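What follows is each chain in one-letter form.
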Amino acid sequence: MIALLAVLAAGCGSSHERSASSLAPVHGPYAPSIDPKNFVTVIDNRYWPLKPGTGFHFKGFKGAAEQTDDEVVTGKTKRILGIDAVAVRDTVSQHGQPIERTLDYYA
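Reading guide: rules and limits
- Residues numbered from 1 in each chain as written.
- Predicted model: local features only at pLDDT ≥ 70, side-chain atom pairs only at ≥ 80, totals over all residues.
- Heavy atoms only, no water.
- Helix = DSSP H or I, 4+ residues; strand = E, 2+ residues; numbered from the N terminus.
- Buried < 20%, exposed > 50% of the residue type's maximum accessible area, 1.4 Å probe, protein only.
- Contact = heavy atoms within 4.5 Å.
- Core = buried A, V, L, I, M, F, W, Y, C linked by side-chain atoms within 4.5 Å.
- Pairing = 2+ DSSP bridges.
- Patch = residues over 30% accessible without salt bridge, like charges linked within 9 Å, V, L, I, M, F, W, Y side chains within 5 Å.
- Areas by Shrake-Rupley, 256 points an atom, 1.4 Å probe, with all protein chains shown as cover.
- Salt bridge = Lys/Arg side-chain N within 4 Å of Asp/Glu carboxyl O.

*Asks:* Explain the environment of Pro-36 to me, using residue names and the numbers behind them.
*Replies:* With respect to the secondary-structure elements, Pro-36 resides in the loop between helix H2 (20-23) and strand E1 (55-62). According to the relative accessible area criterion, Pro-36 is partly exposed, its value standing at 36%. Residues Pro-36 and Ala-107 lie 71 residues apart in sequence; the distance between their C-alpha atoms is 9.9 Å. If we skip the residues at most four places from it in the chain, Pro-36 touches Leu-81, Gly-82 and Ile-83.

*Asks:* Break down the nonpolar core for me, citing the residues and quoting the values.
*Replies:* Listed in full, the 8 residues of the largest apolar core are Trp-48, Leu-50, Phe-56, Phe-58, Val-73, Val-86, Val-88 and Tyr-106. Of all elements in the fold, only E1 and strand E3 (83-94) reach the threshold of two or more residues within this core. Once residues within four sequence positions are removed from consideration, Val-86 is found in contact with Ile-43, Leu-50, Val-73, Thr-74, Lys-76, Thr-77, Asp-104, Tyr-105 and Tyr-106.

*Asks:* Explain the pairing of strand E2 (residues 65-80) to me, using residue names and the numbers behind them.
*Replies:* Sheet topology places E1 next to E2; 8 bridges connect them, and they run antiparallel. Residue pairing across strands places Phe-58 opposite Asp-69, the latter belonging to E2. Remark: 2 residues form the turn of the hairpin made by E1 and E2, two consecutive strands paired antiparallel; Gly-63 in that turn has positive phi of roughly 65 degrees. Where E2 and E3 come together, 11 bridges link them in antiparallel fashion. Across the sheet, the residue bridging to Thr-68 is Ser-93, located in E3. The antiparallel pairing of E2 with E3 creates a hairpin that spans 2 residues between the two strands, and Leu-81 there sits at a positive phi of about 55 degrees.

*Asks:* Tell me what's going on with unusual backbone geometry, and back it up with residues and numbers.
*Replies:* Note: most residues except glycine have negative phi, and most peptide bonds are trans. Positioned with a positive phi, Leu-81 is a non-glycine residue whose angle comes to about 55 degrees. When you line up the elements, Leu-81 lands in the loop between E2 and E3. By relative accessible area, which is 64% here, Leu-81 ends up exposed. Its identity is not glycine, yet His-95 carries a phi of approximately 55 degrees, on the positive side. The exposure class assigned to His-95 is exposed, which follows from its relative accessible area of 67%.

*Asks:* Got a sec to walk through a nonpolar patch on the surface? Specific residues and values, please.
*Replies:* On the surface, a cluster of nonpolar side chains totalling about 520 Å² of accessible area is made up of Ile-34, Phe-39, Ile-80, Leu-81, Leu-103 and Tyr-105. Relative to the helices and strands, Ile-34 is located in the loop between H2 and E1.

*Asks:* Give a description of the side chain of Thr-91 that names residues and reports values.
*Replies:* Here Thr-91 lies in strand E3. According to the relative accessible area criterion, Thr-91 is buried, its value standing at 19%.

See the structure below:
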């Protein structure tokens, strides 16, 4: 649910540019403790299921330009820091043309 909200918030945009430090002040180096035992092996969140083949479609604006964000959960995983993450193909389009294509990983 948190990841979904982050995706939606990122698509909303703003006419005011802000630096990352004003959004999330950092004091010292960023060094999270990642323990694979703290992660589940199956993502079964009923609000954001990451079952292969599941698709999500979002609409939003960046400034005055309408954008769409299409996400499709793949059947692929990638081990990152000892954690199996699910690969999600993410395509952002503007005026019907893709402007960003990424493969995002969720755990």
